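Letter by letter, the chains look like this.
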Amino acid sequence: MNMAIILAAGQGTRMKSRKPKVLHSVCGKPMLKHVIDTVKKAGLDSCVVVVGHGGDEVKEAISEPGTVFVTQEQQLGTGHAVMMAESLLPPEGTVAVLCGDTPLIREETLRAFFRFHEQNANCVSVMSAVVDQPYGYGRMIKSADGNLTGIVEEKDASEEEKAIREINGGIYCFEAGALSGYLSRLTAQNAQGEYYLTDIIGMAAAEGKKMGSFTVKEQEEIMGVNNRVQLARAEAVMRKRIGEEWMLRGVTLIDPANVYIEADVEIGMDTVIYPGVILTGKTRIGEGCLVGHNSRIQDSRIDDFVTIQSSTIIESTVGEKTSVGPYAYLRPGSRLGKEVKIGDFVEVKNASIGDGSKASHLSYVGDADVGEYVNIGCGVVFVNYDGIRKFRTTVEDHAFIGSNSNLVAPVVVESYGYVAAGTTVTMRVPGGALAVGRAKERLIAGWGERKMKKKENES
């Protein structure tokens, strides 16, 4: 059996935040969630997360089937953190140890690391990187023939050891059967008074155990995030990866550096995305769509061949070949059918609009069920709130709602019903009937001329 232990107990004081460090997001997902997802994709059987500072908040935010949480009450080092999971260690197999603040580790890198560990039959394997500026990292100590013999932390390193450029990446594989024994022998005899997991390397070397280091090609994969500056760097790397992945899958990003796409978004091929677009949450965009500049789409489903121009869509669904915008706002619960037109400055909220219907400009459609092939004119308001409760309006197929009309809910306009421009509707409109509810128009001859003369006399 193979297990992952993810260390997520640190206070993260350099983050300057009341929120646990591992819950800070990178491309819309907490750093810890990135690590858990990558571990699972890489094929490990189980996952144990060691929490400490803000542990209850972490558990509440990260609800993952198959993930077990253990608590490290006192943060006494990485070795001590792994000790908290000792009772859960399998009797055999591989135990991987990772950090919850390294969200950039890739699935394929972890798979390659696990293969390296198993194929070489190592007791311990350590992921490493060669960097130009190794300050602050543990240094990989090797024998003359290149075998790993130990890892020394920055504060305990000699000047000669500090010159080593190969650093500890903080990700390990241990032979499960040996790990428990080594944990029981760890001590805190060092400058920090902590139990270093890296001391196991020295113990295993003294016993002649086989060990090795696996060097990653891209050092950003092992980058830990300890402050907001590093968080922004991780965000930039992840954004670049996500953009490149979608472009390789057939999505056109007009300006990749100026598009924000979160990690769980999905996009169909031949979709074109313009600069300033923000795609977040569980958004799903179909094939052949066009998402125009400065649009924001959150937790929504957009079907194939939809055009969205400079609009905001939140927790809504949009049917195929529909057009939205510019400057439209679909609020939560909006459900648009096929070939619908929602034009400029139209707001829709908690409403369904059937196939072929259109609201071309300057209207509010809230708490409504609109049928197919309905025309909603300019300036129409679905009046859904009486100051205490919300009510729904129903507009059936092929109805026509004239400009500047008010539909005061609860009300129904039946199929082929017509509402004249400027009408306030408060009662059911039967099918095929015309509702007119406006003041009778009067013409007063000469009124304008008299008004103008009066103004001239007063000036």
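Not measured: the values here are computed from a predicted model.

(A) Expanded view of the packing of aromatic side chains. Applying the stated criterion across every chain yields a total of six aromatic pairs. Ring plane angle 45° and centroid distance 5.6 Å describe the contact between Phe113 and Phe214, whose orientation is recorded as tilted. Within this pair, whereas Phe113 is found in helix H4 (residues 107-119), its partner Phe214 is found in strand E11 (residues 211-215), the two being separated by 101 residues in sequence. Ring centres of Tyr172 and Phe174 lie 5.8 Å apart, and the angle between their planes is 25°; on these two criteria the pair is classed as stacked. Assessed through its relative accessible area of 1%, Phe174 is described here as buried. Each residue in the set Phe113, Phe114, Phe116 and Phe214 is aromatic and connected to the rest through ring pairs, giving one cluster. It is Arg249 that lies over the ring of Trp246; its NZ or CZ is 4.7 Å from the centre. The cationic tip of Lys390 hangs over the ring face of Tyr385; the distance from NZ or CZ to the ring centre is 5.5 Å.

(B) Highlighting the sheet that holds strand E30 (residues 358-361). Pairing within the open sheet is parallel, and its 11 strands lie in the order E12-E15-E18-E21-E24-E27-E30-E33-E36-E39-E41. Sheet topology places strand E12 (252-253) and strand E41 (434-435) at the edges, where each strand pairs with a single neighbour. Sheet topology places strand E36 (residues 400-401) next to strand E39 (residues 418-419); two bridges connect them, and they run parallel. Within the sheet, the bridge partner assigned to Ile401 lies in E39 and is Val419.

(C) Representation of the environment of Pro103. Within the fold, Pro103 resides in the loop between strand E6 (94-99) and H4. Under the relative-accessibility criterion, Pro103 is labelled buried at 2%. For the pair Pro103 and Glu414, spaced 311 residues apart in the sequence, the C-alpha separation amounts to 55 Å. Look past the residues within four positions of Pro103 in its chain and what remains in contact with it is Val26, Met31, His34, Val35, Met223, Val225, Ala234 and Met238.

(D) Structural context of the packing of helix H6 (residues 176-184) against helix H7 (residues 199-206). In contact at an axis separation of 10 Å, H6 and H7 are set at 110° when each is read in the N-to-C sense. The orientation of H6 with respect to H7, classified from their angle, is roughly perpendicular. Of H7, the residues touching H6 (which contributes Leu179, Tyr182 and Leu183) are Ile200, Met203 and Ala204.

(E) Inspection of the sheet that holds strand E23 (residues 317-318) at higher detail. Read from one edge of the open sheet, nine strands run E14-E17-E20-E23-E26-E29-E32-E35-E38, paired in parallel fashion. Taken across any chain shown, the strands that pair with only one partner, and hence form the sheet edges, are strand E14 (266-267) and strand E38 (411-413). As paired elements, strand E32 (residues 368-370) and strand E35 (residues 393-395) share three bridges and run parallel to each other. Looking at E35, one finds that Val370 is bridged to Val395.

So, how was this worked out
- Residues numbered from 1 in each chain as written.
- Predicted model: local features only at pLDDT ≥ 70, side-chain atom pairs only at ≥ 80, totals over all residues.
- Heavy atoms only, no water.
- Phe/Tyr/Trp six-rings, centres within 6.5 Å; stacked < 30°, edge-to-face > 60°.
- Helix = DSSP H or I, 4+ residues; strand = E, 2+ residues; numbered from the N terminus.
- Buried < 20%, exposed > 50% of the residue type's maximum accessible area, 1.4 Å probe, protein only.
- Lys NZ or Arg CZ within 6 Å of the ring centre and 35° of its normal.
- Pairing = 2+ DSSP bridges.
- Contact = heavy atoms within 4.5 Å.
- Axes fitted to C-alpha atoms, helices over the stretch in contact; angles between N-to-C directions.
- Parallel < 35°, antiparallel > 145°, perpendicular 65-115°, else oblique.

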